[in-house]
Amino acid sequence: MSRTDPHSYFDDAQPRCRHWRLRLNVDFARKVISGEAAIDFAGEAGGILDLDTKTLDIQRVFVTATGADVPWELADEQPILGRRLRLRLPAGTKSVSIAYDTSPEAVGLQWLEPAQTEGKRLPFLFSQCQAIHARTLLPCQDSAAARITYEAEVSVPEGMTAVMSAGPQGDAPAGPGRHSFKFRMPQPIPSYLFALAVGELAGQDISPRCRVWAEPAAIAKAAWEFADTETFIIKAEELFGPYDWDRFDMLVLPPSFPFGGMENPRMTFLTPTLLAGDRSLVDVVAHELAHSWTGNLVSNATAEHFWLNEGFTVWAERRILRALRGDEAASLAWAIGQKDLEGSLERFRDKPELTVLRTHLEGVDPDDAFSSVPYEKGARLVTALERAVGETEFARFVRDYMGRFRFQSITTEQFCEFLQERFPVLLAKINADAWLNQPGLPANAPRFVSSRLDELTALAELWRNGRRPAESQLTGLRPAELVVFLQALPRELSAADCAWLDGLLGLTGRGNYEILVHWLGIALASGYAPAFPRARQVLSTVGRMKYLRPLYQALGRTVEGRKLAREVFAEASPGYHSLSRRVAVSVMEQYPS
Ligand code: BES
Ligand code: ZN
């Protein structure tokens, strides 16, 4: 018996699931997906097969070909892992089928009321499986080390559209009031990239291989915002090799989506907070696109190697950004990331073991380990490697690396071994041990310099010395510049300073969420009353955890803020994604009582 993943019952000595054939019936009234999953093996399987499940109601297990019952048992619920489903397969089984229902409490699904959508007419459903929530959608080997292909037939209420992390294979009426959509995913993916969304959706092509999906009311805005995506793909192909997933479509979700983006292959999921109206937040699209190489082609074997996904992808995203927008734009992105990283190191002050890159997560929920560390420390490690060998050499290495491990899931140790073969002294030279196994940011971390960055920090520094910048120095700032400036300001300002800044730049009324949330962080911590209604509005609609955390934190700094936080949480949290709810609760638990 050899389990390879602390977050899964996947056992690599047991039969390997190769392909799923799924029939999924989406029932909005019960908030349940009724599923039948046929799991095909590579050859003939037999004996014990352990699958991950969580909050699933298993109804029947049978040999797909004959319908003969297969003995099964569900183990007791474990807090992080869920319940192990153990099957005893008769010898010679080529495919086993499981009939089951999901639960309305499935962490991997959010069922939205019509009121939580743009159109307000129909409900909405979306999944979010990374890191270990696919098991709440279907019984599976829920480890990134176990890749599968799949096909699915999804039945939804008439008038609604289903999209998946797969290629569409047509749709047709399916009985009274129902419509069914077919999909096929021919490339092997880890279970965490399995994805489904159902809603009132419209699609608009923005290039031959790229379509944007959104609710009808948002589609025009979304198609405009992401119109440059094909340029990103072309640039990424230049940098990393051919795009291997056929299409790159995107779905803009309702605002409760807990992330900025999720790299579901062929159908990236995006938060609507990216719709700033000025294309200034499309770095998230570049990021999810870059995962098509770093993450989806070469995946982390388990959440303990998450930096391989995210560190590489942040590095790749900024390479795309630099190629398209220039050095300055890239430097500002690195600077914004540096502040995020400092924030995470501070948040994990008492848990330094979560600030290493190669983590050890036995008994730790990956959602609780999540922070900017694998992203920003990881991207800095990749940059340190790149600077040590030179950009040209490193570009060649990255292509070789992706060629060597394509459609595989690997560990940090495998990565190091491969690197070691190519560059025998490199790991020692950059002190890889400090990067991978020691907390915090190593002293030899790369710096990203730019004169613009220095100017912006100097402007903010004025404030610490009791002086405001001249109005003309602030009014012309571009979005990323303004974010850098806001990040460099003191966390608390006087009411007069808040009013002056807000009056000059209209910050409370901004629709660009990066600017808005950085501003509200200061305004709320400063007890600046005019910002409170806007904070209430954001917290009652937006579920993106990156924004909820700093807003709930800033509200915790004043008595009035804590009152608002508790009120808005009581009102809005039934509509939060369960992950978002957990973040809000964990921040409020730290409030002084
Ligand atoms: N894969 C992540 C999102 C994720 C990570 C979901 C871990 C669940 C568990 C995605 O690619 C991501 O990193 N999104 C960022 C985008 C940003 C770094 C540009 C986000 O959501 O903010
Ligand atoms: Zn990512």
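Just so you know, these numbers come straight off a predicted model, no measurement behind them.

(A) Expanded view of the side chain of E310. Looking at the element boundaries, E310 is found in helix α4 (residues 306–325). The side chain of E310 sits in the buried core without any salt bridge; R318 is the nearest counter-charge, 10 Å away. A polar side-chain atom of E310 sits 3.1 Å from a polar atom in the side chain of H291. With near-sequence residues (within four places) excluded, E310 lies in contact with Q130, E263, H287, H291, P374 and Y375.

(B) Spotlight on the domain arrangement of the protein. Under the domain assignment used here, the protein contains domain 1 (1–200), domain 2 (298–437) and domain 3 (451–588). Taken together, the contact pairs 10 residues of domain 2 with 13 residues of domain 3. Counting each side, the surface lost to burial between domain 2 and domain 3 is near 1,000 Å², with a carbon and sulfur contribution of 60%. In this assembly, domain 2 and domain 3 are joined by two salt bridges. Between R582 and D365 there is a salt bridge, and its shortest N-O distance comes to 3.4 Å. At the boundary of domain 2 with domain 3, the tally comes to three residue pairs in polar contact (both at pLDDT 80 or more). The set of elements that each furnish at least two residues to the side of domain 2 that touches domain 3 consists of α5 (327–347) and α6 (366–369). It is α5 that contributes the most residues to the side of domain 2 that touches domain 3, seven residues altogether. Here the residues of the side of domain 2 that touches domain 3 are counted per class, giving three nonpolar, no polar and seven charged.

(C) Just the pattern of salt bridges, in detail. Enumeration over the complete set of coordinates arrives at 40 salt bridges. Between R452 and E455 there is a salt bridge, and its shortest N-O distance comes to 2.4 Å. Here R452 and its partner E455 are both found in helix α12 (residues 451–464), three residues apart, which amounts to about one turn of the helix. Among the ionic pairs, R452 bridges to E481, the shortest N-O distance being 2.6 Å. One end of the pair, R452, is in helix α12; the other, E481, is in helix α14 (residues 479–488), and 29 residues separate them in sequence. Side by side, R452 and E481 carry an identical accessibility label, which is buried. Counted as one network, the salt bridges with shared partners bring together R319, R322, E386 and E391.

(D) Inspection of the packing of α5 against α14 at higher detail. Viewed as axis vectors pointing N to C, α5 and α14 meet at an angle of 30°, and their least axial separation amounts to 10 Å. By the angle between their directions, the pair α5 and α14 is classed as roughly parallel. Our pair here, α5 against α14, has a crossing hand that is left-handed. Where α5 abuts α14, its residues L332, A335, I336, K339 and D340 lie against A480, E481, V483, V484 and Q487. Looking at the contact of α5 with α14, its residues break down into six nonpolar, one polar and three charged.

(E) Looking closely at the pairing of strand β7 (residues 124–127). Residues of β7 alternate between two faces, with F124 and F126 on one and L125 and S127 on the opposite face, all of them buried. The pairing of β7 with strand β12 (residues 196–199) spans two bridges and is classified as antiparallel. Within β12, the residue paired with L125 across the bridge is V198.

(F) Structural view of the side chain of Q141. One can find Q141 in the loop between β7 and β8 (147–157). For Q141, a relative accessible area of 4% puts it in the buried group. Looking at Q141, its side chain comes within polar contact range of the main-chain oxygen of P15, at 3.1 Å. Other than its neighbours up to four places away in sequence, Q141 contacts F10, P15, R16, C17, L49, D50, L51, D52, A146 and S191.

(G) View of the sheet that holds strand β16 (residues 261–262). In spatial order, the strands read β13-β14-β15-β17-β16; together these five strands make up an open sheet with mixed pairing. Looking along the sheet, the strands with just one partner apiece sit at the ends: β13 (202–207) and β16. Note: β16 against strand β17 (residues 267–270), two bridges, orientation antiparallel. By the bridge assignment, G261 is partnered in β17 with L270. On top of the sheet, helix α3 (residues 283–290) reaches β15 (249–252), β16 and β17; it is set at about 145° to β17, its chief contact.

What counts, and at which threshold
- Residues numbered from 1 in each chain as written.
- Chains lettered and ligands numbered in written order.
- Predicted model: local features only at pLDDT ≥ 70, side-chain atom pairs only at ≥ 80, totals over all residues.
- Heavy atoms only, no water.
- Helix = DSSP H or I, 4+ residues; strand = E, 2+ residues; numbered from the N terminus.
- Buried < 20%, exposed > 50% of the residue type's maximum accessible area, 1.4 Å probe, protein only.
- Lys, Arg positive; Asp, Glu negative; His and termini not counted.
- Salt bridge = Lys/Arg side-chain N within 4 Å of Asp/Glu carboxyl O.
- Polar contact = N/O pair within 3.5 Å; in protein donor to acceptor, adjacent residues only side chain to side chain.
- Contact = heavy atoms within 4.5 Å.
- Domains from an automatic or database assignment.
- Buried area = accessible area lost by both parts, 1.4 Å probe.
- Nonpolar A, V, L, I, M, F, W, Y, C, P; charged D, E, K, R; others polar.
- Axes fitted to C-alpha atoms, helices over the stretch in contact; angles between N-to-C directions.
- Parallel < 35°, antiparallel > 145°, perpendicular 65-115°, else oblique.
- Left-handed = near helix turned anticlockwise from the far one by under 90°.
- Pairing = 2+ DSSP bridges.

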